[in-house]
Amino acid sequence: MNSETTGSMPASLAQLHPDVWTEPFWAGARDQKLLVPCCASCDLIRMPPGPFCPTCGPAPIAWTESAGIGVVHTFTVVRQAFHSDLRGAIPFVVAVVALNDHPAFRLVTNVTGIDPDRLRIGQGVEVWWDEIDEQTVIPRFSPHTEPNEECAHEPA
Amino acid sequence: MDRSISDKAAIVGLGFTDYFRRGQSVPLTPTELAGNAITAAAKDAGLRIRDLDGFALYAGGLNTAILAQSIGMPEVRFTATLPGGGGGSAGALGLAAAAVTSGMAEAVITVLVLQQAGYRLGQAGGTGSPYAKDATAETDFSIPFGVVSPAHKFAMAFQRHMHLYGTTREHCAEIAISTRANAIRRSTSIMKEDLTKDQYFASRMISDPFCLFDYCLESDGAVAVITTSAERARDLDKPPVYIHAAAIGGEGLHSPPTAWANSPDTYLASGASRQVGQRLFEGSDFRPEDIDVAQIYDHFAPMVLLQLEDYGFCGRGEAGDFVNDGRIRWPNGALPVNTHGGHLSEAYLMGMTHIREAVEQLRGTATNQVVGADTVLVTGGPASIPMSAVILRR
């Protein structure tokens, strides 16, 4: 899909192992919805999704849909394959992306479709859906041009 | 903080094998390497193998049944292992001190053996690698994105630090170059040639902003130390190296890799060791400025900078300035760091070479001796829980 300068990520690494607490996230991904796990009792972001809230104790998760637009909070450009399946993918960008509509929620993901040497913290990004197979859809991000607050004070 | 272990236990024996490049210790077996280091440590202390009765290990430990039988320990009275990896290295000395001080054991072995012949620690998926653990529901939030090596997380943490505080690769170069300068004076070192700033900046990027020389070596070998009570230590051959304070653990809410990404910058852009550092000094007679030598875990050069902040040698965001002007250089810097050449340039044995160097500094026998060294800090990590640290004194 979107990968101008970075190779696509290998399907072999995208094999998922969901449990009852994480499955709603991946079910949302199959519907191309980015779901944010919040504590149903106190709203605290809960990553990884699991049975306990650090504040409330045992409590269900309320899944909230995000528009999937955010900013790069930090990143690395991986230029050496530490796994044989990644040889065709390098260089690729691993990033922590903060969502504009849920600033407290950050996702480890990839940013594709950008020259890695030009990527900066504060880059606006939007989600795209990497359809590995019918059961497996992975949220990755590509550049989004809408200016945002963090970009404004970030030197180019 | 509870001061019950303070100065009540001491390191009395130090033993080690040669250090090898990755895989080069074959055909020696891991048990043979570990046993050789333990035997040497017992001899160094003036103890017999039958005087040893405990193990305090880390990084998943060893099969202490095989080890005890192999070297001939008649009874094992204590055996415990910290979870995680090298983050527990310094903390294993705290565990040994706890065992000895509580009376559960009298002479406790801490040993680490590494033989990266069938696997490579930094490489995902290698059979036997501690990082080849089974994928879980939690790792689904990292592995599909190619996050398969410890460096990836640390590179992102350091990138954030650069963004927030203006820390630069020049500062990382100072760590790599000063550490190399210490290594090349030692016969034990795998890297024997000077490292210049030009070479540092010409090296290939591996995981931006980490370049080749920001990465530690891949090595084989074993180092062992023996801890006993301070009272008994005074009757043995070598001057006691007292375990003055120890801390093991870390930030509870943000330590797992997927939780880390959602942490505030005070944790995300750090060496993850601030809580361990605070607890360590609170449980000691010393402040950071009292430390004579610092052996700081250096799996990656930039993480030394972040630990200097976490352990209170400078303020948050000030590590770059702190290392300018030769402050961490041996012999004239105010705080010589990794005087043995560290994981970056001497050998990578998951923290045990730092412990060895601390003991040699406090015995006054180090190759790059800091004159009058009375207090040494040793750290383990950054990592997920546990990080750890000890203050050793003579």
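For the structure itself, consult the block above.
What you see is a predicted model; the values in this text were computed from it and never measured. (Residues numbered from 1 in each chain as written. Chains lettered and ligands numbered in written order. Predicted model: local features only at pLDDT ≥ 70, side-chain atom pairs only at ≥ 80, totals over all residues. Heavy atoms only, no water.)

Asker: Sorry if this is basic, but what is going on with the packing of helix H4 (residues 150-165) of chain B against helix H11 (residues 301-310) of chain B here?
Answerer: The packing of two helices is summarised by the inter-axis angle and the distance between the axes. Residues and elements named next belong to chain B. Orientation of H4 relative to H11, taken along the N-to-C sense of each, is 60°, at an axis distance of 10 Å. For the element pair H4 / H11, the angle class is oblique. As H4 packs across H11, the resulting crossing turns out to be left-handed. Here H4 contributes Phe154, Phe158 and His161 to the contact with H11, which in turn contributes Pro302, Met303, Leu305, Leu306 and Glu309. The class makeup of the residues in the contact of H4 with H11 is 6 nonpolar, 1 polar and 1 charged. (Axes fitted to C-alpha atoms, helices over the stretch in contact; angles between N-to-C directions. Helix = DSSP H or I, 4+ residues; strand = E, 2+ residues; numbered from the N terminus. Parallel < 35°, antiparallel > 145°, perpendicular 65-115°, else oblique. Left-handed = near helix turned anticlockwise from the far one by under 90°. Contact = heavy atoms within 4.5 Å. Nonpolar A, V, L, I, M, F, W, Y, C, P; charged D, E, K, R; others polar.)

Asker: Honestly, the side chain of Asp220 of chain B in this entry has me stumped. Any pointers?
Answerer: All names here are of chain B. Summarising the element assignment, Asp220 is placed in strand E8 (residues 219-229). A polar contact is formed between the side chain of Asp220 and the backbone nitrogen of Gly23, at a distance of 2.9 Å. Not counting residues within four places of it along the chain, the set of residues in contact with Asp220 comprises Asp18, Tyr19, Phe20, Arg21, Arg22, Gly23, Gln24, Ser25, Leu114, Gln115, Gln116 and Leu349. (Polar contact = N/O pair within 3.5 Å; in protein donor to acceptor, adjacent residues only side chain to side chain.)

Asker: Teacher, can you tell me more about the side chain of Gln361 of chain B here?
Answerer: Residue and element names in this part refer to chain B. Topologically, Gln361 is positioned in helix H14 (residues 352-363). The class of Gln361 is buried, set by a relative accessible area of 0%. Among all residues touching Gln361, those that are not within four sequence positions of it are Val293, Gln295, Thr339, Ala366, Asn368, Gln369, Val370, Ala373 and Val376. (Buried < 20%, exposed > 50% of the residue type's maximum accessible area, 1.4 Å probe, protein only.)

Asker: I tried to follow empty space enclosed by the protein on my own but got confused; where do I start?
Answerer: Leftover empty space is mapped by rolling, across the atoms, a probe with the size of a water molecule. Applying the stated criterion across every chain yields a total of 2 cavities of 30 Å³ or more. Approximately 60 Å³ is the volume attributed to the largest cavity. Surrounding the largest cavity, Lys153, Phe154, Ala157, Trp260, Tyr267, Leu268, Ser270, Gly271, Ala272, Met303, Pro382 and Ala383 of chain B form its lining. Those elements giving two or more residues to the lining of the largest cavity turn out to be H4 and helix H9 (265-268) of chain B. Looking at which element gives the most residues to the lining of the largest cavity, the answer is H4 of chain B, with 3 residues. Residue composition of the lining of the largest cavity, grouped by class: 9 nonpolar, 2 polar and 1 charged. Reported here for the second largest cavity is a volume of approximately 30 Å³. Met47, Arg106, Leu107 and Val108 of chain A together with Phe141, Thr258, Ala261 and Asn262 of chain B are the residues that line the second largest cavity. Sorting elements by how many residues they give to the lining of the second largest cavity places strand E7 (residues 102-111) of chain A first, with 3 residues. Grouping the amino acids of the lining of the second largest cavity by side-chain chemistry returns 5 nonpolar, 2 polar and 1 charged. (1 Å grid on protein atoms, 1.4 Å probe; cavity = no way out; pocket = protein on both sides within 12 Å on 5 of 7 lines; lining within 4 Å. Points joined across faces, edges and corners; volume = space filled by probe spheres on them.)

Asker: How should I be thinking about the interface of chain A and chain B in this particular structure?
Answerer: Many authors give the size of an interface as the accessible area that is lost as the parts come together. With 44 residues of chain A at the interface, the matching set in chain B holds 37 residues. Taken together, the two surfaces of chain A and chain B that pack against each other cover about 3,400 Å², and 61% of this comes from carbon and sulfur. In this structure, Arg79 of chain A engages Asp208 of chain B in a salt bridge whose closest nitrogen and oxygen atoms are separated by 2.7 Å. Here chain A and chain B share 19 residue pairs in polar contact (both at pLDDT 80 or more) between them. Of all the secondary structure elements, the ones that give two or more residues to the side of chain A that touches chain B are helix H1 (23-30), strand E5 (69-78), strand E6 (92-99), E7 and strand E9 (136-143) of chain A. Of the residues in the side of chain A that touches chain B, the class split is 28 nonpolar, 10 polar and 6 charged. (Buried area = accessible area lost by both parts, 1.4 Å probe. Salt bridge = Lys/Arg side-chain N within 4 Å of Asp/Glu carboxyl O.)

Asker: Would you take a moment to explain the pattern of salt bridges for this structure?
Answerer: Two side chains with opposite charge may pair up if their charged atoms get near one another. Residue and element names in this part refer to chain B. For the coordinates displayed, the defined rule picks out 24 salt bridges over all chains. Here Glu357 ties to Arg186 by a salt bridge, and the two come within 3.5 Å at their closest N and O atoms. With a gap of 171 residues between them, Glu357 in helix H14 and Arg186 in the loop between helix H5 (169-183) and helix H6 (197-202) connect regions that are remote in the sequence. We note that Glu357, like Arg186, is buried. The salt bridge partner of Arg186 is Glu360, with a shortest N-O separation of 3.8 Å. Of this pair, Arg186 sits in the loop between H5 and H6 while Glu360 sits in helix H14, placing them 174 residues apart in sequence. What emerges from the salt-bridge pattern is a single network uniting Arg186, Glu346, Arg356, Glu357 and Glu360.

Asker: Which parts of the structure should I look at to understand the packing of helix H1 (residues 30-45) of chain B against helix H2 (residues 64-71) of chain B?
Answerer: Residue and element names in this part refer to chain B. For the pair H1 and H2, interaxial distance at closest approach is 10 Å and the crossing angle is 60°. Considered as vectors, H1 and H2 are oriented oblique to each other. The hand of the H1/H2 crossing is right-handed. When H1 is examined against H2, the residues Thr31, Ala34, Gly35 and Ile38 are found in contact with a partner set consisting of Ile66, Leu67, Ser70 and Ile71. Across the contact of H1 with H2, the residue classes tally to 5 nonpolar, 3 polar and no charged.

Asker: How should I be thinking about the nonpolar core in this particular structure?
Answerer: Membership of the largest hydrophobic core comes to 99 residues, with the highest contact counts inside it found for Phe141 of chain A together with Phe210, Trp260, Leu280 and Leu308 of chain B. Discounting residues that sit within four places of it in the chain, Leu308 of chain B has contacts with Ile296, Phe313, Cys314, Phe322, Val323, Ile328, Leu335 and Val337 of chain B. (Core = buried A, V, L, I, M, F, W, Y, C linked by side-chain atoms within 4.5 Å.)

Asker: When you look at the pairing of E6 of chain A in this model, what are you seeing that I'm missing?
Answerer: Each regular strand displays side chains that alternate between the two surfaces of the sheet. Residues and elements named next belong to chain A. Buried residues dominate E6, accounting for 8 of its 8 residues. Where E5 and E6 come together, 8 bridges link them in antiparallel fashion. The residue bridging Val72 from the neighbouring strand is Val97, located in E6. Linking E6 back to E7 in an antiparallel pair, the connection comprises 2 residues. (Pairing = 2+ DSSP bridges.)

Asker: Sorry if this is basic, but what is going on with the packing of aromatic side chains here?
Answerer: For any pair of aromatic rings, the description consists of the separation of the ring centres together with the inter-plane angle of the planes. A complete count under the given rule lists 11 aromatic pairs over all chains for this structure. Each ring, one from Phe25 of chain A and one from Phe141 of chain B, has its centre 5.2 Å from the other, and the planes form 70°; the classification is edge-to-face. Of the two residues, Phe25 of chain A is situated in helix H1 and Phe141 of chain B in the loop between strand E5 (107-114) and H4; the pairing between them involves two chains. Neither residue differs from the other here; Phe25 of chain A and Phe141 of chain B are each classed as buried. With centroids separated by 6.3 Å and ring planes inclined at 10°, the aromatic side chains of Phe82 of chain A and Tyr215 of chain B adopt a geometry described as stacked. Of this pair, Phe82 of chain A sits in the loop between E5 and E6 while Tyr215 of chain B sits in the loop between strand E7 (210-211) and E8, placing the two residues on different chains. Residue classification places Tyr215 of chain B among the buried positions, given a relative accessible area of 13%. Cluster of aromatic residues (ring-pair linked, three or more members): Phe82 of chain A together with Phe154, Phe158, Phe210, Tyr215 and Phe300 of chain B. Seen from the ring of Phe16 of chain B, Arg356 of chain B lies directly overhead, with NZ or CZ sitting 3.3 Å from the centre. (Phe/Tyr/Trp six-rings, centres within 6.5 Å; stacked < 30°, edge-to-face > 60°. Lys NZ or Arg CZ within 6 Å of the ring centre and 35° of its normal.)

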